[in-house]
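The primary structure of each chain is shown beneath.
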Amino acid sequence: MTDRVESWSWAAGFHATWSVEALKLRRSVIARLITPLLVGLVPLAAIGAVALARSPALPGAAAAKFLPYATGDLAATHLLVVGQLLSVATLTAGGFAAAWSYGREFSDGTAGALIGLPAGPATVGLTKALLLAGWLGVCVVAAIMITLVASVAVGGEPGVLAWRNAADGAVAGLLAVGLALPFAWVASLTRSPLGTIGVLIAIVAVTQIVVVLGAGAWFPYAVPSLLTGMGGPQAAAEIQPGALGLTAAVAPLAILAVVRYWRRLNDV
Amino acid sequence: MTVLELRAVRHSFGGQPALTGFDIEVSAGEVVAMVGLNGAGKTTALRALAGRLRAEEGSAAVLGHDPIGLPARAARHFGQFLGAPLAYRELTVRENLLAAGRLHGLDRAGVVGAADVAIERFQLAGWAGRAAGTLSAGNWQRLGVACATLHGPRALILDEPTNALDPAGVVIVRDVVRALASRGAGVLVSSHHLDEVSRIAGRIVVVHGGRVIGTLTPGGTELERRFFAMVLDADMGRGEA
């Protein structure tokens, strides 16, 4: 019950929605888990995996598994591993975050309360997607930077190959961010966070099958991992610019689908 | 001026009729109460009116606009408390009020004052810094009604706004509704509490079988008897048809 500001614009609505959604994300358990996982645990795992690979104490079976990381430039290997980890961890974390951000509005019953606001439900749907993408993108870049600093701290000397691996890791991580956005649409459509997690697990399983069948180079959900060399150098070399473009196109298409769904939000 | 309106609205869920030609109109400055048995269609009607449900037939209007895609200039003057409130358990009470104010179109400067007023009016000062998820059901409901009203709406929908409240909370909600109406707001409130609606409303409409079957005059000692008589007449009339 207060005086109003008479001017109102879409930008004002977007700004208000952004500030509220950012606060909800900051206060969420999922953001408090995922952020340290991506920017702390992933770089630590990359540094640790390379140290383990180069340890003479590593037993035979494990040594064979870590063999690709046992030799070569130290910093370049650190950044190769962090890129590989980010390609998987970011998709998984992003899928969980999207399931929470969108699905909770339905499971908590708050989706209906977001109807009839000046910004409109489509703006809410858009804002959530942009916020998730921005937050996860910052986490990806931070994880690579932290790995770079940590690598130098343990004796790595970043050269051309290291910077190329850092760039590939960043591209893979950011592509994985985009690949997480369709789960925002899934969460809206199913109106269920748990159902969305089920679809995420199914997509990961399908990706494994597609890669085994040899079609991974053109399957968006396989491209980030293959790009970082998880399928070996030959599989990485088979990733064409067209496949990267196709993978990058998933994010805007997902956002369009989410905004369309939220614009027509019904029966809430 | 009519601020809330449903005209000949029909809707069914899986072939089961929920609204069967629902008509209602609320004018500026008027408090209208909807009463009815469980499953009568009250909440479905309110959802259609709030733009949360696209009815199969008929029309709805909030401040003269279709609530589906309500224009921002009208949405800034609209409030609803219908099912789960516009509140989040991970935010504090104050943060929820600030968020609700911002989402309802208040600017950064105005929203702080509005949140302070709401905290005082709904007697939530003791919990202002606490996560809303730790509130009792009654205080959660106070917060929900506060979030729906702190921007001073001109059109307001309240669905069972007092069902979890203690007597003090009921009085607070009643005072808020009266204050809004005295400033020209049109309020449509659904409730099971006949005594309460009798105190708050200028007009009571009875909903049964997915439509409005009549109007009761508030006050008097025979309200409950008149309500049941009207419902019984409607059922008998349908049986004869």
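Before reading further, recall that the structure is shown in the block above.
Residues numbered from 1 in each chain as written. Chains lettered and ligands numbered in written order. Predicted model: local features only at pLDDT ≥ 70, side-chain atom pairs only at ≥ 80, totals over all residues. Heavy atoms only, no water.

A.B. asks: Looking at this model, I keep getting lost on the sheet that holds strand β6 (residues 155-159) of chain B. Mind explaining?
C.D. replies: All names here are of chain B. The strand order across the open sheet built from six strands is β5-β6-β7-β3-β8-β9, with neighbouring strands paired in mixed fashion. The open sheet has two free edges, formed respectively by β5 (78-81) and β9 (211-216), since each of these has just one partner strand. Taking each pair of neighbouring strands and ignoring which way they run, the sheet shows an average axis angle of 20 degrees. For strand β3 (residues 31-36) and strand β7 (residues 186-190), the ladder comprises four bridges, and the chain directions are parallel. (Pairing = 2+ DSSP bridges. Helix = DSSP H or I, 4+ residues; strand = E, 2+ residues; numbered from the N terminus. Axes fitted to C-alpha atoms, helices over the stretch in contact; angles between N-to-C directions.)

A.B. asks: I keep staring at a positive patch on the surface and nothing clicks. Help me out?
C.D. replies: Judged by side-chain charge, Arg260, Arg263 and Arg264 of chain A together with Arg54 of chain B come together as a positively charged surface patch. In this fold, arginine 263 of chain A is placed in helix α11 (residues 241-263). (Patch = residues over 30% accessible without salt bridge, like charges linked within 9 Å, V, L, I, M, F, W, Y side chains within 5 Å. Areas by Shrake-Rupley, 256 points an atom, 1.4 Å probe, with all protein chains shown as cover. Salt bridge = Lys/Arg side-chain N within 4 Å of Asp/Glu carboxyl O. Lys, Arg positive; Asp, Glu negative; His and termini not counted. Charge placed at Lys NZ, Arg CZ, Asp CG, Glu CD.)

A.B. asks: Got a minute to help me understand the nonpolar core in this structure?
C.D. replies: As a rule of thumb, soluble globular proteins bury nonpolar side chains together. Judged by nonpolar contacts, the single largest core of 123 residues is most densely connected at Leu38, Trp135 and Trp262 of chain A together with Leu97 and Leu143 of chain B. Grouped together as the second largest cluster of nonpolar side chains are 28 residues, Ala50, Val62, Leu63 and Ala74 of chain B included. (Core = buried A, V, L, I, M, F, W, Y, C linked by side-chain atoms within 4.5 Å. Buried < 20%, exposed > 50% of the residue type's maximum accessible area, 1.4 Å probe, protein only.)

A.B. asks: How do you make sense of the packing of helix α2 (residues 29-53) of chain A against helix α4 (residues 74-107) of chain A when you look at a structure like this?
C.D. replies: For any two helices packed against each other, the geometry comes down to the angle between their axes and how far apart the axes lie. Residues and elements named next belong to chain A. Relative orientation of the contacting elements α2 and α4 amounts to 160 degrees, with a least axis distance of 8 Å. Overall, the two elements α2 and α4 adopt an arrangement that is roughly antiparallel. When you trace α2 past α4, the crossing you get is right-handed. Partitioned by chemical class, the residues of the contact of α2 with α4 number 20 nonpolar, three polar and no charged. (Parallel < 35°, antiparallel > 145°, perpendicular 65-115°, else oblique. Left-handed = near helix turned anticlockwise from the far one by under 90°. Nonpolar A, V, L, I, M, F, W, Y, C, P; charged D, E, K, R; others polar.)

A.B. asks: Where do I start with the pairing of strand β2 (residues 16-27) of chain B in this structure?
C.D. replies: Two faces make up the sheet, and in a regular strand the side chains alternate between them. Where strand β1 (residues 2-13) of chain B meets β2 of chain B, nine bridges bridge the pair, whose relative direction is antiparallel. When the bridges of β2 of chain B are listed, arginine 10 of chain B appears paired with threonine 20 of chain B.

A.B. asks: How do you make sense of the interface of chain B and chain A when you look at a structure like this?
C.D. replies: Quoted interface sizes are often the accessible area lost when the parts come together. The interface is formed by 41 residues belonging to chain B together with 34 residues belonging to chain A. Of the roughly 3,400 Å² buried between chain B and chain A on both sides combined, carbon and sulfur atoms contribute 54%. When the buried surface of chain B facing chain A is broken down by residue, Arg76, Tyr88 and Leu103 of chain B rank first, second and third, together holding 21% of it. Linking chain B with chain A are three salt bridges, by the criterion used here. Between aspartate 267 of chain A and arginine 47 of chain B there is a salt bridge; the shortest N-O distance is 2.3 Å. At the surface where chain B touches chain A, the tally comes to 12 residue pairs in polar contact (both at pLDDT 80 or more). Sorting the residues of the side of chain B that touches chain A by element identifies α1 (42-50), α2 (72-75), β5, α3 (93-103), α4 (108-121) and α6 (167-182) of chain B as the ones contributing at least two each. Along the lines of polarity and charge, the residues of the side of chain B that touches chain A split into 21 nonpolar, nine polar and 11 charged. (Contact = heavy atoms within 4.5 Å. Buried area = accessible area lost by both parts, 1.4 Å probe. Polar contact = N/O pair within 3.5 Å; in protein donor to acceptor, adjacent residues only side chain to side chain.)

A.B. asks: Would you mind going over α4 of chain A with me for this structure?
C.D. replies: Helical geometry note: an α-helix holds 3.6 residues per turn, so side chains three or four residues apart project in the same direction. Residues and elements named next belong to chain A. Compared with the 50 Å implied by 1.5 Å per residue over 34 residues, the 47 Å span of α4 between its first and last C-alpha is a close match. The largest bend in α4 is about 30 degrees, located at leucine 86. Where α4 begins, the side chain of aspartate 73 points an oxygen toward the backbone nitrogen of alanine 75, at a separation of 3.3 Å. Glycine 109 lies just past α4 and shows a positive phi near 85 degrees. (Expected span 1.5 Å × (residues − 1). Bend = angle between axes of the 7 residues up to and from the residue.)

A.B. asks: Could you clarify how one ought to interpret the packing of aromatic side chains in this entry?
C.D. replies: For any pair of aromatic rings, the description rests on two quantities: the centre-to-centre distance and the angle between the ring planes. The final tally for this structure, using the stated rule, is eight aromatic pairs over all chains. When the centroid spacing of 5.1 Å and the interplanar angle of 70 degrees are considered together, the rings of phenylalanine 227 of chain B and phenylalanine 228 of chain B count as edge-to-face. Given the relative accessible area of 46%, phenylalanine 228 of chain B is considered partly exposed. One aromatic cluster is present, formed by Trp10, Phe14 and Trp18 of chain A through successive ring pairs. Above the ring of tyrosine 88 of chain B, the side-chain terminus of lysine 24 of chain A is found at 3.8 Å from the ring centroid. Looking at lysine 128 of chain A, its charged tip hangs above the ring of tyrosine 102 of chain A, at a distance of 5.7 Å from the centre. (Phe/Tyr/Trp six-rings, centres within 6.5 Å; stacked < 30°, edge-to-face > 60°. Lys NZ or Arg CZ within 6 Å of the ring centre and 35° of its normal.)

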